[in-house]
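Now for the letters of each chain:
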Amino acid sequence: MEILKRSSEVWLRELLSNLDTFWETVESDISKNDDGASYLIGLQRCIFNFLSTALTGANPSVSPDIAENGWKMLDKWLAIQVIPTTKIGILQPFEEIFLHSWAYPFFLVAGDYQKLYNFISENAGDVIRLGDEEYGLTRDETVHNLIFVLGFNAYGGFSVFLPSLIGRIAGDTSGLQERLRTEVRKVCGSGSVLNFRTVNEMELVKSVVYETLRLNPPVPLQYARARGDFKISSHDAVYEVKKGELLCGYQPLVMRDANIFEDPEEFKPDRFVGQTGSKLLNYLFWSNGPQTGTPSESNKQCAAKDMVTITAALIIANLFLRYDKITGDAGSIKTVVKAT
Ligand code: HEM
């Protein structure tokens, strides 16, 4: 949380400059390919460069190997951790036997991990000093924790979330793009620039972010072991939970609760707009807690709960300052029409 607070100035600058590079690459790829261009590699590169600089202060541009391959190193490190819990959908029981039955050994990614370790250790001086002076952490502890927050929480989370957000917008044919564009340009017109304050005024943009997280929570499962006996209530029943029992929360089910959300299976861009809409934020749980909650050391809610939604809103706003229209899906962009 301290790192997030300290990084707020760098955050916006790094996000926007890396997005410029990303969209320039997409434009150049589209111009070479009539069928459109896959953007996932460019997006991951963008997210990695932006987050590494914003969170740790280590800018990948100082290391050609990390700038070129850092995102790939994290992908492999993430893969061996999440494959045992991820449904692939191939023939059972082989998936259970071969993919979900053991933890993968660290040596498979040890070389790349060491490169990331050295990069952070050599280039994240301010944050490492902070860990030492304010929190009594050794260099080793700080670097491992930075790699985890950067690689798993931040890079992993955005790598899953952003394709579904971009795909939702690029694939829309209901007129949503026109409405988003109008809102963004109204707020950012007449001399106002895009920043945390102006993006906060964009009600529809924020609602689209929330609605995407409601229908496609990037981290669908949460587990926890009860620390004591307690009772948990649903709309119509109360369940007793005993100390030590393992609980599993499945977000896609929770956030399609028909008692709370009208037409729960439908993507409604305006769902969270206005006073009635904002009450629904009490039931938006993508961050392992309600959107109206506060992450703290005494809960397990995503430390970057607000940064994630505001960053996603900035990405949409930036898109509609740059383009009038885009078409594509969660993996590729087919066409872009530059802002007139
Ligand atoms: C789209 C991006 C993100 C998503 C979807 C996401 C989602 C989540 C979720 C679901 C949890 C709870 C995990 C659990 O206990 O089961 C969590 C925890 C956490 N997230 Fe995020 N997160 C994102 C981005 C970030 C970023 C950018 C940071 C950077 C600081 C961050 C830092 C954390 C931390 C430190 C925790 C652990 C909190 C604790 O255990 O007390 N997350 N995140």
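Residues numbered from 1 in each chain as written. Predicted model: local features only at pLDDT ≥ 70, side-chain atom pairs only at ≥ 80, totals over all residues. Heavy atoms only, no water.

Caption draft 1: Region of the structure containing the coordination of the iron atom of the ligand. Of all protein atoms, Cys302 (SG) alone acts as a donor to the iron atom of the ligand, lying 2.3 Å away. On the secondary structure map, Cys302 appears in the loop between helix H13 (274–279) and helix H14 (305–322). (Donors = N, O, S within 2.8 Å, 3.2 Å for Na, K, Ca; no water. Helix = DSSP H or I, 4+ residues; strand = E, 2+ residues; numbered from the N terminus.)

Caption draft 2: Spatial organisation of the domain arrangement of the chain. When the domains of the chain are assigned, the result is domain 1 (2–217 + 255–338) and domain 2 (219–254). Taken together, the contact between domain 1 and domain 2 spans nine residues of the former and eight residues of the latter. Inspection of the region where domain 1 meets domain 2 yields zero salt bridges. The interface formed by domain 1 and domain 2 includes 10 residue pairs in polar contact (both at pLDDT 80 or more). For the side of domain 1 that touches domain 2, the residue count by class is five nonpolar, two polar and two charged. (Domains from an automatic or database assignment. Contact = heavy atoms within 4.5 Å. Salt bridge = Lys/Arg side-chain N within 4 Å of Asp/Glu carboxyl O. Polar contact = N/O pair within 3.5 Å; in protein donor to acceptor, adjacent residues only side chain to side chain. Nonpolar A, V, L, I, M, F, W, Y, C, P; charged D, E, K, R; others polar.)

Caption draft 3: Structural detail: helix H6 (residues 110–123). Spanning 14 residues, H6 covers 20 Å between terminal C-alpha atoms, matching the ideal 20 Å at 1.5 Å per step. What H6 keeps buried is the set Asp112, Tyr113, Leu116, Tyr117, Phe119, Ile120 and Ser121. Residues of H6 that are buried make contact with helix H3 (40–56), helix H4 (64–82), helix H7 (125–135) and helix H8 (139–170). (Expected span 1.5 Å × (residues − 1). Buried < 20%, exposed > 50% of the residue type's maximum accessible area, 1.4 Å probe, protein only.)

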